[in-house]
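The residues making up each chain are set out below.
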Amino acid sequence: MTECTSLQFVSPFAFEAMQKVDVVCLASLSDPELRLLLPCLVRMALCAPADQSQSWAQDKKLILRLLSGVEAVNSIVALLSVDFHALEQDASKEQQLRHKLGGGSGESILVSQLQHGLTLEFEHSDSPRRLRLVLSELLAIMNKVSESNGEFFFKSSELFESPVYLEEAADVLCILQAELPSLLPIVDVAEALLHVRNGAWFLCLLVANVPDSFNEVCRGLIKNGERQDEESLGGRRRTDALRFLCKMNPSQALKVRGMVVEECHLPGLGVALTLDHTKNEACEDGVSDLVCFVSGLLLGTNAKVRTWFGTFIRNGQQRKRETSSSVLWQMRRQLLLELMGILPTVRSTRIVEEADVDMEPNVSVYSGLKEEHVVKASALLRLYCALMGIAGLKPTEEEAEQLLQLMTSRPPATPAGVRFVSLSFCMLLAFSTLVSTPEQEQLMVVWLSWMIKEEAYFESTSGVSASFGEMLLLVAMYFHSNQLSAIIDLVCSTLGMKIVIKPSSLSRMKTIFTQEIFTEQVVTAHAVRVPVTSNLSANITGFLPIHCIYQLLRSRSFTKHKVSIKDWIYRQLCETSTPLHPQLLPLIDVYINSILTPASKSNPEATNQPVTEQEILNIFQGVIGGDNIRLNQRFSITAQLLVLYYILSYEEALLANTKTLAAMQRKPKSYSSSLMDQIPIKFLIRQAQGLQQELGGLHSALLRLLATNYPHLCIVDDWICEEEITGTDALLRRMLLTNNAKNHSPKQLQEAFSAVPVNNTQVMQIIEHLTLLSASELIPYAEVLTSNMSQLLNSGVPRRILQTVNKLWMVLNTVMPRRLWVMTVNALQPSIKFVRQQKYTQNDLMIDPLIVLRCDQRVHRCPPLMDITLHMLNGYLLASKAYLSAHLKETEQDRPSQNNTIGLVGQTDAPEVTREELKNALLAAQDSAAVQILLEICLPTEEEKANGVNPDSLLRNVQSVITTSAPNKGMEEGEDNLLCNLREVQCLICCLLHQMYIADPNIAKLVHFQIFAIQLLSHLCIQYALPKSLSVARLAVNVMGTLLTVLTQAKRYAFFMPTLPSLVSFCRAFPPLYEDIMSLLIQIGQVCASDVATQTRDIDPIITRLQQIKEKPSGWSQICKDSSYKNGSRDTGSMDPDVQLCHCIERTVIEIINMSVSGI
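Residues numbered from 1 in each chain as written. Predicted model: local features only at pLDDT ≥ 70, side-chain atom pairs only at ≥ 80, totals over all residues. Heavy atoms only, no water.

Enquirer: Any chance you could explain the overall build of the protein chain here in plain terms?
Expert: The secondary structure content of the protein chain amounts to 66 helices and two strands. Here the protein chain holds 1160 residues, and the buried ones make up 51% of them. Put simply, of all contacts in the protein chain between residues at least 6 apart along the chain, 74% involve residues at least 24 apart. Approximately 53600 Å² of the protein chain is accessible, and the part contributed by carbon and sulfur atoms is 52%. (Helix = DSSP H or I, 4+ residues; strand = E, 2+ residues; numbered from the N terminus. Buried < 20%, exposed > 50% of the residue type's maximum accessible area, 1.4 Å probe, protein only. Contact = heavy atoms within 4.5 Å. Areas by Shrake-Rupley, 256 points an atom, 1.4 Å probe, with all protein chains shown as cover.)

Enquirer: Teacher, can you tell me more about the environment of Cys574 here?
Expert: By the element assignment, Cys574 lies in helix 31 (residues 566–574). The spatial distance from the C-alpha of Cys574 to the C-alpha of Leu642 is 8.9 Å, given a sequence separation of 68 residues. Ignoring anything within four residues of it in the chain, the contact list for Cys574 reads Ile619, Phe635 and Ala639.

Enquirer: Help me understand the layout of surface pockets in this model?
Expert: One simple way to see leftover space: roll a probe sized like a water molecule over the atoms. Approximately 680 Å³ is the volume found for the second largest pocket. Around the second largest pocket, the lining is made up of 27 residues, and of these Asn709, Tyr710, Tyr883, Ala886 and Glu890 lie nearest the centre. Of all the elements in the fold, those that place two or more residues in the lining of the second largest pocket are helix 35 (637–656), helix 37 (673–678), helix 40 (698–709), helix 50 (842–847) and helix 51 (863–890). Top element by residues in the lining of the second largest pocket is helix 51. It accounts for eight residues. (1 Å grid on protein atoms, 1.4 Å probe; cavity = no way out; pocket = protein on both sides within 12 Å on 5 of 7 lines; lining within 4 Å. Points joined across faces, edges and corners; volume = space filled by probe spheres on them.)

Enquirer: I'm lost on the nonpolar core in this one. Help?
Expert: Residues Leu245, Tyr646 and Phe1066 are the most contacted members of the largest nonpolar core, which totals 356 residues. With 13 residues, the single largest contributor to this core is helix 35. The residues contacting Phe1066, other than those within four sequence positions of it, are Ile1014, Leu1017, Ser1018, Cys1021, Ala1033, Ala1036, Val1037, Leu1073 and Ile1077. (Core = buried A, V, L, I, M, F, W, Y, C linked by side-chain atoms within 4.5 Å.)

Enquirer: Looking at this structure, I do not really get the packing of helix 17 (residues 289–299) against helix 21 (residues 374–389). What am I missing?
Expert: The angle between the axes and the distance between the axes are what describe a pair of packed helices. The N-to-C vectors of helix 17 and helix 21 enclose an angle of 45 degrees; their axes lie 10 Å apart at closest approach. One element, helix 17, and the other, helix 21, form an angle in the oblique class. For the pair helix 17 and helix 21, the sense of crossing is left-handed. Contacts between helix 17 and helix 21 involve Val291, Val294, Ser295, Leu298 and Leu299 on the former and, on the latter, Ala379, Leu380, Arg382, Leu383, Ala386 and Leu387. The class makeup of the residues in the contact of helix 17 with helix 21 is nine nonpolar, one polar and one charged. (Axes fitted to C-alpha atoms, helices over the stretch in contact; angles between N-to-C directions. Parallel < 35°, antiparallel > 145°, perpendicular 65-115°, else oblique. Left-handed = near helix turned anticlockwise from the far one by under 90°. Nonpolar A, V, L, I, M, F, W, Y, C, P; charged D, E, K, R; others polar.)

Enquirer: For this particular structure, what's the right way to read the side chain of Thr1148?
Expert: When you line up the elements, Thr1148 lands in helix 66 (residues 1137–1159). Other than its neighbours up to four places away in sequence, Thr1148 contacts Leu1060, Pro1061, Val1064 and Leu1081.

Enquirer: I would appreciate a short explanation of the pattern of salt bridges in the present structure.
Expert: Pairing between side chains becomes possible if they bear opposite charge and their charged atoms approach one another. Taken as a whole and assessed by the stated rule, the structure comprises 25 salt bridges. The salt bridge partner of Asp567 is Lys566, with a shortest N-O separation of 3.2 Å. Residue class for Asp567 comes out partly exposed when judged on its relative accessible area of 37%. Judged by its relative accessible area of 13%, Lys566 is buried. Because the salt bridges share partners, they merge into one network encompassing Arg35, Glu167 and Asp171. (Salt bridge = Lys/Arg side-chain N within 4 Å of Asp/Glu carboxyl O.)

Enquirer: Before we go on, may I ask you to explain the packing of aromatic side chains in this structure?
Expert: Aromatic ring pairs are reported here in terms of the distance separating the ring centres and the angle at which the planes meet. Under the counting rule described, the total for this entry stands at 14 aromatic pairs. Measuring from centroid to centroid gives 6.3 Å for Trp308 and Phe309, while their planes differ by 65 degrees, and the two rings are edge-to-face. Both residues of the pair, Trp308 and Phe309, count as buried. Centroid distance Phe309 to Phe312: 5.5 Å. Interplanar angle 40 degrees. Geometry classified as tilted. With Phe309 and Phe312 both in helix 18 (residues 303–318) and three residues apart, this pair spans about one turn of that helix. Joined through ring pairs, the aromatic side chains of Tyr591, Tyr646, Tyr650 and Tyr671 make up one cluster. (Phe/Tyr/Trp six-rings, centres within 6.5 Å; stacked < 30°, edge-to-face > 60°.)

Enquirer: Explanation requested: the environment of Ile832 in the structure shown.
Expert: Locating Ile832 in the fold gives a position in the loop between helix 49 (817–827) and helix 50. Ile832 sits 24 residues away from Asp856 along the chain, and the two C-alpha atoms are 9.8 Å apart.

Enquirer: Would you mind going over the environment of Leu298 with me for this structure?
Expert: Tracing the chain through its elements places Leu298 in helix 17. It is 9.4 Å that separates the C-alpha atoms of Leu298 and Trp308, two residues lying ten residues apart in sequence. If we ignore the near neighbours within four places in the chain, the residues touching Leu298 are Arg306, Phe309, Gly310, Ala386, Leu387, Ile390 and Ala391.

Enquirer: Where do I start with the confidence of the model for the protein chain in this structure?
Expert: Detail in the predicted coordinates should be disregarded across regions flagged by low pLDDT. Summary statistics for the protein chain give a mean pLDDT of 80 and a share of 82% for residues scoring 70 or more. pLDDT under 50 marks residues 954–978. Its contacts with residues more than four places away, or in other chains, come to 29 contacts. (pLDDT = per-residue confidence, 0-100.)

Enquirer: Explain unusual backbone geometry to me, please; I cannot follow it from the model alone.
Expert: Glycine aside, residues mostly have negative phi angles, and peptide bonds mostly take the trans form. Of the consecutive residues Thr578 and Pro579, the connecting peptide bond is found in the cis state with omega at -5 degrees. Here Pro579 lies in the loop between helix 31 and helix 32 (584–596). For Val21, which is not glycine, the phi dihedral falls at a positive 50 degrees. Looking at where Val21 falls in the secondary structure, it is placed in the loop between helix 1 (12–20) and helix 2 (23–27). Look at Val21 and you get partly exposed, because its relative accessible area is 32%. In the Ramachandran plot, Cys264 falls in the positive-phi region, its phi being about 55 degrees despite a non-glycine side chain. Mapped onto the elements, Cys264 comes out in the loop between helix 15 (253–263) and helix 16 (267–280).

Given below as C-alpha cells:
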C-alpha cells in the first residue's frame, strides 16, 4: 500500500500508552500523534466509566485538560450527540432493502438523493449526516465483500481518498464502530477497509482507538486471507495492512506470525514479520530469527506447513518480477548477507599451493571460520539444504559461490566444527551442481584432502568419537560398491531431512572419490588403522569406524586385498559397554560369513581368520573358575556376551554350510569342545537376562542359539528353579545374610565334611549358611560339595543335610550346569577296591548319557541324590541328541563320493537316509535303555523283598486314589508307607517318565510291553487323556490280544493277572475302547475255558455270564453292586490258575460296568 507512505501512523509508543491507558505517556504525545487517538479519548472523557476509583477520576481530569486545547474535539463531541438507536434502525432497513433489490441498487434510506459528490456532501453536512454518509458507504463495501466469494476487488471511494477529510472520516468511522458494534463488527470493517484506498491507515487508526481488538482483527484478517499472499493484489494489500498493524504493536508481531503458521495463510507476511524482527534485534554471532523461523517451517514435523511454505518458495521463483518489493527476494538477500557476514576474506597462498592449479594470484578464498560462527554456519547450511532440497530453491550464481566458500572453509577442532564439516560434506554430495567450474572442483578436492589429513587431529582434540573421517571412509566404500542409494540415505540422515537426490548427480563425485582420493585398496588399508571406538555403546551416535568395517566386510574388500581384520574386530568387541550398539550383531554375522564363505570361487582361500581360542579364553578371564567373579573380570559383560554370540553363531553357521564347504573342499576349523567346556554359558545367559533392556536383541538371539545347540541348558525345570532362586524370597533370605556365612571358606567346608561320620552339626551349620549366598558366590564351593557327595551315602547321615546339599546343587546348576554335572557324575561313581575310578569328561557323557546311571547303587535309594541324578540324566539325553545331530553334519564332508558308492539311478539319497535312520535308531535305543534301567530301579531289591516290600504297592495305591474318592482305610503301614525311600524314588522316576512320554510319546512304544509298562500307561492315560495317549492305549490292547495267542499257561497267568485291572483305567480315560476291551476279556476267558475243559469243574457258566453282561450290561447293574462281586470273593477257593484268571476277568468286567453306570 504505497498510497499510505505519506500518511502519519500511530507510533508504537502511542499504541502502548493507549493499551495501558497511561495518561502521563499520552500527555507527552505531540499534537499530530494525539489527533489520531481523539475518538477514543473523547469517549473516555464523556462516557460514564465503569471504574469509579479515585485514581481514574484523577486520570480523567488529566484527559479533559489534555483535550481542552484541541479544536477537533468539538466535532467528535457533536458526533457522539447523535441518536445512534435511530441510526441503527435506518441502517438495518437499508441493509434489508439492499438485500431485496440487489447489491447494485442506488436506493438508500440512510442518505437521500445526493446533490453533489460524497466529498462535497461530507463537507457541507452536519454531524448526523456525516455519520450517515460514512455508514452508507461502509455498508455498501461490506455488502459487496460478502457477495464477492473471496475474489478481491478495489472500490474507489471519495470519502476514503480525499486527503483533506481523511482525519474527519477516520473520526466518524471510529465513532460508528464504537457505538454500533453489532451492526459493524470490527473484523468485518477491517476486511472492508482492505478494498479502499488508504485502507491500511484507516485500519490502524480504528485498531488504535480500540486497542483490545488487535489480536481479534489480526486473526480475522489472516483466517480470511489467501494461502499464497504474493500471488494476488488482495494478498499483498492484506500483508501490507497486517505489517502496518504489527509495526504499530511490535510486541505482538511474533504472535501474529504464529497465527500465520497455524492457519497456513499469508506466508509472505510471516517472512516479512521475521525480517522486521531480525532488523530490530540484530545478532551478529548467534543464529538469527530468520534462519530459525524458516528452518522450523521446512524441517518441522508438520507436513502441511512444509508443503505450504515450499509452494511459496516455488511460486516466488516463477514470477518474472524479482524486485526488492518481493518478500522472497528480501529473505534471500538477508540470508546471503548473513552468510557473507561470517566469512572473513583472507589471502590464502597455502590453498593455492596445495591445489597446484593455474589460479589467478589475486583470487581470494575463504578460510579460518571463527569458533563463534561455527554453529551459525551449520544452521545456515541446513537451511539452504532445506530450501534447495525441500522447497526447490534454485540458487543464483552469487548464492552458489558464497555457499561453496562457506562449505570449504576450515572450522576449529571442536565438536561443533566436526558437525559443520560433516554437514558441508553431505551438502556437497547432495547438491553437486554448486560445483560448476574446474576451479571450484579443485577447491573441493583440496578441502577433501584436508579433511583426510586433519581427521585424526579433529577427533583427538574435539573429544568426539564419531568424526567425519568415518563418514569419508563409509562414502568411499559405498562408491566402490556402487551403493548410491546407501550414500543418499547417509546424506539424508546426516542432514536430518528427506530430500530427493538423483543417483546420476553423484557420478562426478564417484569419479573423484574412487580415482583421485580413495582407491579401494587405500580404503581397506586405512580402515584397519582406524582406532576402535572406546566403550562403544548405543549412546554414541553418528557414523563410527564400526559402520565402515561393516560395509567393507560386506563388500569382501579385506579378503580381496588380503588385509587381516580379525584383530580390529576383536579389539572392538573388547571395547563395548551397555546399552548395546545396534551395529555389533550385524558386524559379527557378516564377519562369520567372511570366515566361512570365500570372496570368489576362483580363490577359495580368500577368507578372514577366525578369533583364536586363546583370545576367547582371555575374554572370560576371571569368570572361569575365579574365586570372586566380580573382582576378577577384566572385560565387560557386554564383551563376554558378544564373544559368546560369536562362538555359537560361528558353530551354527559352520554346520549349516557343511555341504557348501565340502563342495569347495574347504574345512574351516571348529572350536574345540574343551574351549566350550571352559566358557560359563549358563552364567552369562543369566547375566544377560537381567540386562535385556540394555542388550537389545542379543539376549533373544543367544536363547535361540542355545535352544538349537545346547538344549540341555534350556530345560524348563531349570528356568522355573531360577525364578525361585532369583525371586523375592531369595532377596529376603539375602537380607538375613550374616558375616558367618561370608566367612566360611571351601577349606572349612571340606574339614566339616571329613567329620561327617562323627559330627554332623558343623557341616549342617555351614551349608545352612551357604543357602543364603547367591549362585555366583557359591561357585567356589562347588568342587567341595560334589566331591563329598559319596560320603553322604553312608548310613546315619541326616536327611536335612541331604536335602540342603540338593538345594545348593540346584542353585549351582543355574550358573555352571555342565561343569557341575561332570564333577557330580565322577563323584558318585561306585567305589571298587583296587580299581581306579575313571574320570569322565563332558564329551564322554554326551556320547553315552547312560554313564550317569552307572553310579553307586546306594544313590538309587537316596531320594535327594537320585533327584540330582535324574536331572543330569535328562540333561545328557538332550545333549546327546544335539551332539549326534552336529556330529552327523560335521562328518558330512568326510563321506565318500556318491558316485563311488551308489550304482543305481534314483538312489542318491539312500546314504543320507541311512545315516539319519542310524542316528534315530541309536537315540531310540538310548532312550529305551534309560527307561528300562529306571524301571528296574523302581523294583525292590532282594533285601527289600525279604523285608516285605511290595513292588506293586505304589501303582496300586495311586490307582486307588484315582478310582475312589476316599483313601483306602485298610492300607497297611510299613511296606506301603509313602515316606519310604523306595516310594520316593519311584515317584521321582515316574515324574521323569511322564515328562519323557509327553515330550516323545513314541518312547512308550520302544519300551517292551511288560507288566509294569502297561500299568504305568494306564495311569498316564488317566493323567493325560490326549489323542496320542489314545493311540498308545489302543496299541497296548492290541498287544495284549497278540500275547494271548503266544503265551503259555503259566506265562499267561503271570502276565494277565496284574495287567487286567489296567483295562479299567483305559475305559475310564477313553470310552471308545470299551468294545475292544470287552472282546479281549471274553477271548481271554474262552482261552482259559478251553484249557480246563477236561477238568471236573466247569467254568462255562462264567463265560455265559460274560456274554450276557456284554450284550445287556444294564440288566446286571444291580448284581454288579453286590459286595461279593466287588470284593471278588466268589469262587476263589480253586487254586487252578485258569480259574483264578477267569474270576479276575469277571471282576474286571464288573468294575468297568460299575464305572460306566456311575459315570452315567
